[in-house]
Amino acid sequence: MASPRWEQEPPGPEVAMSACEAIHPEDRTACEGPQDAVRVSDPSGGSVLACVHHGARILATVTVATVAPAEVPGAAIDAYRRARQMPPCAWQWDDKPMTLVEYAVWKGIEWDPTRAECVRDAVVRLHFKVDGMSDERAFHLGTSQIEATDTDLSLIADTLGVTVEQLLGGDFPGPRPGNTTEGTD
């Protein structure tokens, strides 16, 4: 691969220095098995040795990449199967769940989220902590046990830093840092 970013930059501080060649600098996950289990290549002839886990992640991310066995029989098939089940740049989702809208975009699905799906997704994204709302109510909203009121929508949107319209459209980022204040109904 023609000088991909993960070959140019050393692994981040949380990753052991003995990580496989395919690890992305933002990927904080550990290698699984031998670090030379598979070889991931691109059409230009570039390639890297990888463990099955990081081989799958790079395979899911790099367009037209291929995987071949290296030192572990069957590892290439395992990496290929894993890559088919993960989004590109999977390391971006390690610390937060993917929203339903993000999942639909990744899968190429034309999808119009329901109000309940957007509320559930937002509350889960906030780790069931909504400013001005009790943890119990947030839990019930996040598990779709109750229907959101207009006040609930406003509190959730405010905690996310978006409008109610953006919330109901599924168009919202993760929580702002420090938004874990507990409240009451």
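Higher on the page you've got the structure.
Residues numbered from 1 in each chain as written. Predicted model: local features only at pLDDT ≥ 70, side-chain atom pairs only at ≥ 80, totals over all residues. Heavy atoms only, no water.

Novice: Explain the packing of helix H5 (residues 115-125) against helix H7 (residues 150-160) to me, please; I cannot follow it from the model alone.
Specialist: Axes are the key here: two packed helices are described by the angle between their axes and the distance separating the axes. One way to put it is that H5 packs onto H7 with a least axis distance of 11 Å and a crossing angle of 45°. With respect to H7, the element H5 is oriented oblique. Judged by the twist between their axes, the crossing of H5 over H7 is left-handed. Contacts between H5 and H7 involve Arg115, Val119, Ala122 and Val123 from the first element and Asp150, Leu153, Ile156 and Leu160 from the second. Its residues assigned to classes, the contact of H5 with H7 shows six nonpolar, no polar and two charged. (Axes fitted to C-alpha atoms, helices over the stretch in contact; angles between N-to-C directions. Helix = DSSP H or I, 4+ residues; strand = E, 2+ residues; numbered from the N terminus. Parallel < 35°, antiparallel > 145°, perpendicular 65-115°, else oblique. Left-handed = near helix turned anticlockwise from the far one by under 90°. Contact = heavy atoms within 4.5 Å. Nonpolar A, V, L, I, M, F, W, Y, C, P; charged D, E, K, R; others polar.)

Novice: How should unusual backbone geometry be read in this particular structure?
Specialist: Glycine aside, the phi torsion of most residues is negative, and most peptide linkages are trans. In the Ramachandran plot, His127 falls in the positive-phi region, its phi being about 55° despite a non-glycine side chain. By the element assignment, His127 lies in the loop between H5 and helix H6 (135-142).

Novice: How do you make sense of the pattern of salt bridges when you look at a structure like this?
Specialist: Side chains bearing opposite charge may pair, as long as their charged atoms lie close to each other. Applying the stated criterion to the full structure yields six salt bridges. We note a salt bridge from Glu32 to Arg82, for which the minimum N-O separation is 2.7 Å. Residue Glu32 is found in the loop between helix H1 (5-8) and strand S1 (38-41), and its partner Arg82 is found in helix H3 (residues 75-84); the two are separated by 50 residues along the sequence. Residue Lys129 is joined to Asp135 by a salt bridge in which the shortest nitrogen-to-oxygen separation is 3.0 Å. Exposure remark for Lys129: the relative accessible area of 23% places this residue in the partly exposed category. Each of Glu32, Asp78 and Arg82 takes part in one network of salt bridges that share partners. (Salt bridge = Lys/Arg side-chain N within 4 Å of Asp/Glu carboxyl O. Buried < 20%, exposed > 50% of the residue type's maximum accessible area, 1.4 Å probe, protein only.)

Novice: Hey, could you run me through the sheet that holds strand S2 (residues 47-50) in this one?
Specialist: Strand order in the open sheet formed by three strands is S2-S1-S3, with antiparallel pairing between adjacent strands. Each having just a single partner strand, S2 and strand S3 (66-69) make up the two edges of the open sheet. Averaged over all pairs of adjacent strands, the angle between strand axes in this sheet comes to 25°, irrespective of strand direction. The pairing of S1 with S2 spans four bridges and is antiparallel. Residue pairing across strands places Ser41 opposite Ser47, the latter belonging to S2. The strands touched by H3 within the sheet are S1 and S3, with S3 carrying the most contacts at an inclination of about 155°. (Pairing = 2+ DSSP bridges.)

Novice: How do you make sense of the side chain of Asp152 when you look at a structure like this?
Specialist: Structurally, the position occupied by Asp152 is in helix H7. Under the relative-accessibility criterion, Asp152 is labelled buried at 3%. In terms of polar contacts, Asp152 uses its side chain to reach the side chain of Arg137, at 2.8 Å. Sequence-distant contacts of Asp152, that is, excluding residues within four places in its chain, are made with Met133, Arg137, Leu141 and Glu147. (Polar contact = N/O pair within 3.5 Å; in protein donor to acceptor, adjacent residues only side chain to side chain.)

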